[in-house]
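Below, each chain spelled out in residue letters.
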Amino acid sequence: AFAGTITDQEDLLLLLELANTKQCRNETFGKNTKYGQERPVTLDTLVCNEHEKRTCCGKDNFEDIRRELVRSRRSSFDVSDECFRVYSMMKCQFCDGDIGIGLRQGICPEVCQYFYGACQNDLFRFTSSNENALQFCETDAPLCSKLEYITQKPAEFCRMMGLQINERRGFTTELLEGIRDQLPYKYSKTNLENVSLKEVSDYIPCWDGRPSHVVFGPALTKADYRRGSASQLGLMAIVISIVSLAFIVFY
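Treat the numbers as computed from the prediction; the structure is a model and nothing was measured.

Asker: Just to check I follow, could you spell out the packing of aromatic side chains for this structure?
Answerer: For any pair of aromatic rings, the description consists of the separation of the ring centres together with the inter-plane angle of the planes. This structure, assessed with the given rule, holds 8 aromatic pairs. Taken together, a centroid distance of 6.2 Å and an interplanar angle of 35° make the contact between F84 and F136 tilted. Highlighted residues: F84 in helix α3 (residues 81-92) and F136 in strand β4 (residues 134-136), separated in sequence by 52 residues. Summarising the burial analysis for this pair, F84 and F136 share the class buried.

Listed below in structure tokens is the structure:
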């Protein structure tokens, strides 16, 4: 575990409860479509299905990503399967439930290095509208270069691909202290809903490549939320606690 990473069971359960009460942020997803869910849900999808068990995206969001990936693949000149697979992973991470509620932000440096390593021998070009932004080489592009000739710095590549890098790794004791400072001595679900993650933004960890359901377990389905069954919510909390704590502690 990283230095300062939480291991106390009470803290872990608090983080679990917080993840299950926070709403998806009301921010623009992509160009003009907002997150399709009020809070993370389980939703069947044909694209980005590594995130379907806990996602803030709706079907419109997934469809936008699918169309963008299809366009990129069709117009790109000889992009390798591995590079495009990791590129797709980078596009899909915006649908991760933790990112959707703001409990993780940006990608970890190791994820960026992995992306660069998968694409360093592929052809890229600068976009026509921004000389500091990259895109795959298109079949009719007049000039393209191997990525490793454009830059040998993974962080620079990721930024040119529109990705934010966050060097804070793991859920830390500092994060939990910042959350507890916003809670009364006896807290409830309502108190947790009022916790502002912006107040602890300095301690929000990076996305490490693991879908959020691996850490916090599957979210409820949309039908479960409509029924609003307290017993289902309680049972899910118990199941998630048993299955997920090891992932948080020992990763």
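Read on, since the account is not over.
Asker: Whenever I open this one, the state of the cysteines confuses me. Can you help?
Answerer: A covalent bond between the sulfur atoms of two cysteines is referred to as a disulfide. Summed over the entire model, instances satisfying the criterion amount to 7 disulfides. Note that C57 is cross-linked by a disulfide to C95, the S-S spacing being 2.0 Å. Taking the sign of the torsion about the S-S bond as the criterion, the disulfide between C57 and C95, at about -85°, is left-handed. You can see C57 sitting in the loop between β2 (33-34) and α2 (59-75) and its partner C95 sitting in the loop between α3 and α4 (97-101), a full 38 residues away along the chain.

Asker: Would you mind showing me how to read the pairing of strand β3 (residues 123-126) here?
Answerer: Here is the key point about a regular strand: its side chains alternate between the two faces of the sheet. Relative to strand β5 (residues 145-146), β3 runs antiparallel, the two being bridged by 2 bridges. Among the inter-strand pairings, F124 is bridged to a residue of β5, identified as S145.

Asker: What is the right way to read helix α5 (residues 109-119) from this model?
Answerer: Working note: α-helix, 3.6 residues per turn, so residues spaced by three or four point in the same direction. Every buried residue of α5 is listed here: P109, V111, C112, F115, Y116, A118 and C119. The inward-facing, buried residues of α5 contact α3, β3, α6 (147-150) and α7 (154-160).

Asker: Quick question: what am I supposed to make of the sheet that holds β4 here?
Answerer: Backbone-to-backbone hydrogen bonds join strands into a sheet, with any given pair of strands oriented parallel or antiparallel. Taken together, the 3 strands give an open sheet; going across it, the order is β4-β3-β5, and neighbouring strands pair in antiparallel fashion. Both outer strands of the open sheet, β4 and β5, are each paired with one neighbouring strand and no more.

Asker: So what exactly am I meant to see when it comes to the pattern of salt bridges here?
Answerer: Between side chains of opposite charge, pairing is possible as soon as their charged atoms come close. Counted according to the given criterion, the structure contains 11 salt bridges. Ionic pairing is found between E63 and R67, a salt bridge with its closest N-O pair at 3.0 Å. With E63 and R67 both in helix α2 and 4 residues apart, this pair spans about one turn of that helix. R67 sits in the partly exposed class, given a relative accessible area of 44%.

Conventions and cut-offs
- Residues numbered from 1 in each chain as written.
- Predicted model: local features only at pLDDT ≥ 70, side-chain atom pairs only at ≥ 80, totals over all residues.
- Heavy atoms only, no water.
- Phe/Tyr/Trp six-rings, centres within 6.5 Å; stacked < 30°, edge-to-face > 60°.
- Helix = DSSP H or I, 4+ residues; strand = E, 2+ residues; numbered from the N terminus.
- Buried < 20%, exposed > 50% of the residue type's maximum accessible area, 1.4 Å probe, protein only.
- Disulfide = S-S within 2.5 Å.
- Pairing = 2+ DSSP bridges.
- Contact = heavy atoms within 4.5 Å.
- Salt bridge = Lys/Arg side-chain N within 4 Å of Asp/Glu carboxyl O.

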